[in-house]
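Now for the letters of each chain:
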Amino acid sequence: MKLVISAVLTALATAAAMPAMAQDKVLNVYSARHYQTDEQMYDAFSKATGIKINRVDADDAGLIARLRAEGAASPADVILMVDAARMAVADAQGLFQPIKSAKLDEAIPSHLRAAATPEGVTWTGFSTRARVIVYDPLRVKAADVANYEQLSDPKLKGLFCTRSGSHPYNLSLFSTVVERLGDEKGEAWLKGMVANMARDPKGGDTDQIKAVASGECGVALTNTYYLARMMKSTKPEDRAVVEKVRVVFPNQGTTGTHVNIAGAAVAKHAKHRDAAIQFMEYLASPSAQEYFANGNNEFAAAKGVKIDNPALKAMGGDKFKAETVPLAVVAKNLTKVQQMLDRAGFK
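Residue numbers restart at each chain and count upward from 1, following the sequence in its written direction. Only residues with pLDDT of at least 70 are given local features in this predicted model, and only at 80 or more are side-chain atom pairs given and counted; all residues enter the totals for whole chains, interfaces and linings. Values shown for side chains rest on all heavy atoms present in the structure; no hydrogens or waters enter the calculation.

Undergrad: Just checking my understanding: could you explain the state of the cysteines for this structure?
TA: Here a disulfide denotes one covalent bond, and it connects the sulfur atoms of two cysteines. Defined by distance alone, a disulfide is two cysteine sulfur atoms within 2.5 Å. For the structure on display, the rule yields one disulfide. Sulfur-sulfur distance for the disulfide between cysteine 161 and cysteine 217 comes to 1.9 Å. An S-S torsion of about -75° defines the bridge between cysteine 161 and cysteine 217 as left-handed. Placement of the pair is cysteine 161 in strand E6 (residues 160-161) and cysteine 217 in the loop between helix H8 (205-214) and strand E7 (219-223), with a sequence separation of 56 residues. A simple rule labels every residue: compare its accessible area, found with a 1.4 Å probe on the protein chains alone, to the largest value its type can have, and call it buried under 20%, exposed over 50%, or partly exposed in between. On the basis of relative accessible area, cysteine 161 is assigned to the buried category, the value being 0%. Secondary structure counts use DSSP, requiring at least four H or I residues in a row for a helix and at least two E residues in a row for a strand, with both numbered from the N terminus.

Printed below as a string of C-alpha cells:
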C-alpha cells in the first residue's frame, strides 16, 4: 500500500512540474523593432533552443508606458529598443535589471553598453547605425561638412535641415558631442545649427534625404540605414534621390562618426531570466549579427563580425572610424542637452 501511495505522489509531483517545465520554454519579448528579418532571427533562436518567443510590438514610448503600468505583474522577459537615449530613459525608470554574461562581455565593446556596475550591465547594444551627413554636391563641398562641428559654421547658413532636435536619434548625437566639446562650446554649437536652418525641423530621416535631393536643403543629418534602404530600393523615385546626394561619415580625422545602437535588456520582473540571458547572448552571435547587418542595413556590434551589405559598403560604411564615447553618457546628458536645445530654440 505504501508503494502505491508513493507512486501516486510521484506521478502527481511530475504532473505538477510539467506546466512549469513547459513555461520555462517560453520567452516574452517586448519589441520596438518591426522588421521582417527579425522574425527570421527569432525563428532561428527557437529552432536552436526549443524556446518559443511570444512578442509584443509597440514603439519605445509605448513599451515604457506598458512596463510601468504592468509593474511586477509584467510578463516581459526581454525588452528590445532602437536607440541609446530611449534605453537610457527606460533604465532610469528602473525597468531593466542588471545581468552578468562573460559571452556578452567578450563579444560587445564596452562603449556600446550601459555602464558596468558590481551587479552587472542593464542594457547592451546589438547593432549600430552611424549618424552621417548627406549633402548636395552642387551647393556644398565635402570639406565643409567633414565634421559635425561644421554644421554650425555660418558658411552653411540657410542650408541645414534635420528632424526634431528632441528626437532620440538627435539627442544621442548631441549628448555625445556635448560630452566632447563641453557645455559652453556644445551649447554654442547647437545655437549655430539653429542659425543655419533652411526651415524648422520636421519629418524623419528619409524626409531629410529627400529635402536635400529636391533642393529645399543643402545638408542634413540621417542614420545610415535610411540611406541604405533607398540605395537598395527598386523604385525609380528613390534611385533618383540617391543619385542627387552624397554622404560623409563625419569626424574621420578626429574622434570618429557617432554611432547609435539598437539594444536589448532583461526586464526588471522577468519570469524567465535564464532564457532571457540566453537570448541576449544569441543576439551577439555571428548568425544573429548577420540578420541585423544584411536584413535591416545595420552594422554588426559584435567584435570581428564582417558585413556583406552592398549598400553599406557602397557608402564606405565597412571601413569608417567610429566614435568610442561610451553611449552611457547619453543617460547622463539627456536632461542637460534638452535644456540647451530649449535655450537655443532648437525645435
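Undergrad: Would you mind showing me how to read the packing of aromatic side chains here?
TA: Two aromatic rings are characterised by how far apart their centres lie and by the angle between their planes. Here the aromatic set is Phe, Tyr and Trp, taking the six-membered ring for Trp, and pairing holds for ring centres within 6.5 Å; pairs whose planes are under 30 degrees apart are stacked, those over 60 apart are edge-to-face, and all others are tilted. Scanning the model with the defined rule gives 10 aromatic pairs in all. Centre to centre, the rings of phenylalanine 45 and phenylalanine 279 are 5.0 Å apart; their planes meet at 80°, and the pair counts as edge-to-face. Here phenylalanine 45, found in helix H2 (residues 36-49), pairs with phenylalanine 279, found in helix H11 (residues 273-283); they are 234 residues apart in sequence, far enough to count as distant. For phenylalanine 45, a relative accessible area of 2% corresponds to the buried category. Through pairs of rings, three or more aromatic residues link up here, namely Tyr42, Phe45, Phe279 and Tyr282.

Undergrad: I tried to follow the pairing of E7 on my own but got confused; where do I start?
TA: Here is the key point about a regular strand: its side chains alternate between the two faces of the sheet. Counted residue by residue, E7 has five buried out of five residues, so it is predominantly covered. In E7, alternate side chains face the same way, and those of Val219, Leu221 and Asn223 on one face and Ala220 and Thr222 on the other are all buried. Where strand E5 (residues 124-135) lies against E7, five bridges are found, and the strand directions are antiparallel. Paired with isoleucine 133 across the strands is leucine 221, a residue of E7. Pairing between two strands requires that DSSP report at least two bridges joining them. Where E6 lies against E7, two bridges are found, and the strand directions are parallel.

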